[in-house]
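Inside the fold
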Amino acid sequence: MTDILVVLETREGALRNASLEAVGAARAAADASGGGKVTALATEQADLDAAQLGGAGADAVLVADAGAHSPDGAAATAVRVAGELGVGAVFVSATVRGRDLLGRIAAGLDTGFAADCTAVDFAEGGFVFTRPVYAGKAQIQVKVNGPVAVASMRGNHFAPAGREASAEMGTTAAEGGKAQVTAIAGKSGGRPDVAEAARVVAGGRGLGSAENWHLLEALADALPGAGLGASRAVVDSGWRPHSEQVGQTGKTVSPELYIAAGISGAIQHLAGMSSSKVIVAINKDAEAPIFQHATYGIVGDVNEILPALTEAVKAAVE
Ligand SMILES: Cc1cc2nc3c(=O)[nH]c(=O)nc-3n(C[C@H](O)[C@H](O)[C@H](O)COP(=O)(O)OP(=O)(O)OC[C@H]3O[C@@H](n4cnc5c(N)ncnc54)[C@H](O)[C@@H]3O)c2cc1C
């Protein structure tokens, strides 16, 4: 029976979806260990819903009294609370912020961590984490050596528990930090973050120019809940912001649908999206490597295929 602390991620007081998935992962893991308690911790002030978090799998919620996010302060708060509760594991989301916290929390607890996990099992008294290696070409199973198993959970691999329950709400003191986030630059168009979107429409150099991005935006508009992604070639050219970059040096995504338009399928790009459930590749080169990883491949010019696909999607969604 292992109690688990989940460090929530909030943005301007609102909970991010990835955190509900991490809570769901913790609930399943705690149950697999014989029924431990799941406590969710917001490391700064946030407007949290006891029924939403309880439904996702949390037994209790603690909200710290920090006014703004501090990476070292949040990690210190999580380390202190983990010690106070005596948990056997700490989970975070494998988001940009989660990655920032993961190592700090593990160091603070004098333990190791498993990053970017896609599954959690319980065997021989401890958690066994499955995570991709070699840019997703292989999966390994790891156990964390140390008193507390710290791990980050990759998006779209775990689901909130979906139960009828209300979490017990409480507060805790926030630890001070040396660094504090004072502002977050807004991102384009109010679309979901590419790392969280259930569907991703991504473009590469084959789009030809930044001006052609309206072709992808139209398709993303037609697909409910779609986010925009980009290859590094596009980001390096200044066509799209780095926040949309998918891949080894960008974000890791695992949506139910990933549409790769004009993307060749370099190993560094595949590292960020190859665990997507359905991959649709559009490329004018039938030999492009992306087709080896695609569920569906369309050989053709993005300038013709994207508008036709958008119209087909609109007709299907209506
Ligand atoms: C250390 C390191 C880290 C990296 N990290 C990343 C990363 O995080 N993410 C990432 O994406 N890359 C990364 N890269 C770069 C990666 O190696 C590739 O250079 C990059 O992914 C290529 O982007 P692309 O597919 O858009 O462009 P290209 O490789 O130039 O491919 C363009 C594709 O578009 C097709 N095309 C052209 N015109 C059309 C058209 N009209 N219609 C349809 N198809 C068309 C072409 O056939 C081609 O396949 C990294 C590289 C290194 C060395």
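Below: a short report on this structure. (Residues numbered from 1 in each chain as written. Predicted model: local features only at pLDDT ≥ 70, side-chain atom pairs only at ≥ 80, totals over all residues. Heavy atoms only, no water.)

**Notes on the packing of aromatic side chains**
Within this structure, the stated rule accounts for 5 aromatic pairs. Measuring from ring centre to ring centre gives 6.0 Å for Phe91 and Phe129, while their planes differ by 75°; the resulting arrangement is edge-to-face. Separated by 38 residues along the polypeptide, Phe91 in strand S6 (residues 89-93) and Phe129 in strand S9 (residues 126-133) bring together distant segments of the chain. Accessibility classification places Phe91 together with Phe129 in one group, the buried group. These aromatic residues form a ring-pair network of at least three members: Phe91, Phe122, Phe127 and Phe129. (Phe/Tyr/Trp six-rings, centres within 6.5 Å; stacked < 30°, edge-to-face > 60°. Helix = DSSP H or I, 4+ residues; strand = E, 2+ residues; numbered from the N terminus. Buried < 20%, exposed > 50% of the residue type's maximum accessible area, 1.4 Å probe, protein only.)

**Some thoughts on the sheet that holds S9**
Spatially, the 3 strands line up as an open sheet ordered S8-S9-S10, and their pairing is antiparallel. On the outer flanks of this sheet lie strand S8 (119-123) and strand S10 (138-142), each paired with one strand and no other. Ignoring strand direction, the axes of neighbouring strands in this sheet form an average angle of 25°. (Pairing = 2+ DSSP bridges. Axes fitted to C-alpha atoms, helices over the stretch in contact; angles between N-to-C directions.)

**A word on the site of the ligand**
In the vicinity of the ligand there are 24 residues, among which Ser231, Thr249, Ser264, Gln268 and Asn283 approach most closely. Here an oxygen atom of the ligand sits 3.4 Å away from a polar atom, N or O, in the main chain of Gly250. With respect to the ligand, the backbone of Val302 contributes an N or O atom lying 2.9 Å from a nitrogen atom. Within the complex, 75% of the 990 Å² of free accessible area of the ligand lies under protein. (Near = heavy atom within 4 Å. Polar contact = N/O pair within 3.5 Å; in protein donor to acceptor, adjacent residues only side chain to side chain. Areas by Shrake-Rupley, 256 points an atom, 1.4 Å probe, with all protein chains shown as cover.)

**Side note on the sheet that holds strand S11 (residues 149-153)**
One open sheet accounts for 7 strands, arranged S7-S11-S6-S1-S4-S5-S12; its pairing is parallel. Taken across any chain shown, the strands that pair with only one partner, and hence form the sheet edges, are strand S7 (113-117) and strand S12 (168-172). The average undirected angle you get between the axes of adjacent strands in this sheet is 20°. Here strand S1 (residues 4-8) runs beside strand S4 (residues 38-42); their pairing, made up of 5 bridges, is parallel. Pairing of Val6 across the sheet is with Ala40, part of S4. Set on the sheet, helix H4 (residues 96-108) makes contact with S1, S6, S7 and S11; between it and S6 the angle comes to about 160°. (Contact = heavy atoms within 4.5 Å.)

**What about the packing of helix H3 (residues 71-85) against H4?**
What describes two packed helices is the angle between their axes and the distance between those same axes. Across the interface, H3 lies against H4 with an axial gap of 9 Å and an inter-helix angle of 45°. Accordingly, the angle class assigned to the pair H3 and H4 is oblique. Judged by the sense of rotation from one axis to the other, the crossing of H3 with H4 is right-handed. Contacts between H3 and H4 involve Pro71, Asp72, Ala74, Ala75, Ala78 and Val79 from the former and Asp100, Leu101, Arg104, Ile105 and Gly108 from the latter. Here the residues of the contact of H3 with H4 are counted per class, giving 7 nonpolar, 1 polar and 3 charged. (Parallel < 35°, antiparallel > 145°, perpendicular 65-115°, else oblique. Left-handed = near helix turned anticlockwise from the far one by under 90°. Nonpolar A, V, L, I, M, F, W, Y, C, P; charged D, E, K, R; others polar.)

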